[in-house]
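# Fold and geometry: a report
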Amino acid sequence: MATTEQQLIGWREWITLTSFDATRIKVKVDTGAKTSALHTYYVTPFERNGEAWVRFGLHPLQGCTTSSIECEAPIKDRRQVTDSGGHREWRFVIETTVQLKDRQFPIEITLTDRENMRFRMLLGRSALRQGYVVDSAKSFVLGGSKSEPPV
């Protein structure tokens, strides 16, 4: 659902995963992807109090495998996703809260191995419906730089 006040963002921005140690991660804003996707180097489903959960490892920094965070979240769904290369894959879907500059909102994220991709996370169209307009010629409109998140 779009708000009346649209926030301009660039094709790449920094986002905060508030539910996962307030981890800052650089995202590629991808209007071609419906759902956001997060890099996970392992995914393990398990049960907690009769509910389906998933435990996963996250390398938040682009090009770095030494920094890692272990995360857990309830499983919202499992969906077959077709990537940009046409490959189909079953992925776990979680819902979590993210923060873009001063706005916080829930989004759905699919969990997948993006180790060989340039960005650890894609921010898809569903998340952008929270009131964002993308300027594909700009980067880091909300602050920060290629190597540093905003302060």
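Data block above holds the structure.
Heads up: these notes are all about the structure in this document. (Residues numbered from 1 in each chain as written. Predicted model: local features only at pLDDT ≥ 70, side-chain atom pairs only at ≥ 80, totals over all residues. Heavy atoms only, no water.)

The next subject is the overall build of the protein chain. What the protein chain contains, in helices and strands, is one helix and 12 strands. N-terminal to C-terminal, the α/β element order of the protein chain is β-β-β-β-β-β-β-β-β-β-β-α-β. Against the compact-globule benchmark of 15 Å for 151 residues, the protein chain has a radius of gyration of 15 Å, which places it among compact chains. Reported as C-alpha extents along the three principal axes, the dimensions of the protein chain are approximately 40 × 35 × 30 Å. Across the 151 residues in the protein chain, those meeting the buried criterion constitute 41%. The contacts of the protein chain with a sequence gap of at least 6 include a subset with a gap of at least 24, amounting to 58%. Of the accessible surface of the protein chain, which amounts to about 8,300 Å², a share of 46% is contributed by carbon and sulfur atoms. Taking the average place of the 21 positive charges on the side chains of the protein chain and the average place of its 18 negative ones, the gap between the two points comes to 6 Å. (Helix = DSSP H or I, 4+ residues; strand = E, 2+ residues; numbered from the N terminus. Rg over C-alpha atoms; globule rule 2.2 N^0.38 Å. Buried < 20%, exposed > 50% of the residue type's maximum accessible area, 1.4 Å probe, protein only. Contact = heavy atoms within 4.5 Å. Areas by Shrake-Rupley, 256 points an atom, 1.4 Å probe, with all protein chains shown as cover. Lys, Arg positive; Asp, Glu negative; His and termini not counted. Charge placed at Lys NZ, Arg CZ, Asp CG, Glu CD.)

Our next topic: the sheet that holds strand E7 (residues 69–74). An order of E5-E6-E7 is seen for the three strands of this open sheet, with the pairing classed as antiparallel. The open sheet has two edge strands, strand E5 (42–48) and E7, and neither has a second partner. In this sheet, neighbouring strand axes are inclined to one another by 25° on average, regardless of whether the strands run parallel or antiparallel. Pairing of E5 with strand E6 (residues 51–58) involves seven bridges; the strand directions are antiparallel. Paired with tyrosine 42 across the strands is glycine 57, a residue of E6. (Pairing = 2+ DSSP bridges. Axes fitted to C-alpha atoms, helices over the stretch in contact; angles between N-to-C directions.)

Everything listed is a geometric property; what it means functionally is a separate question.
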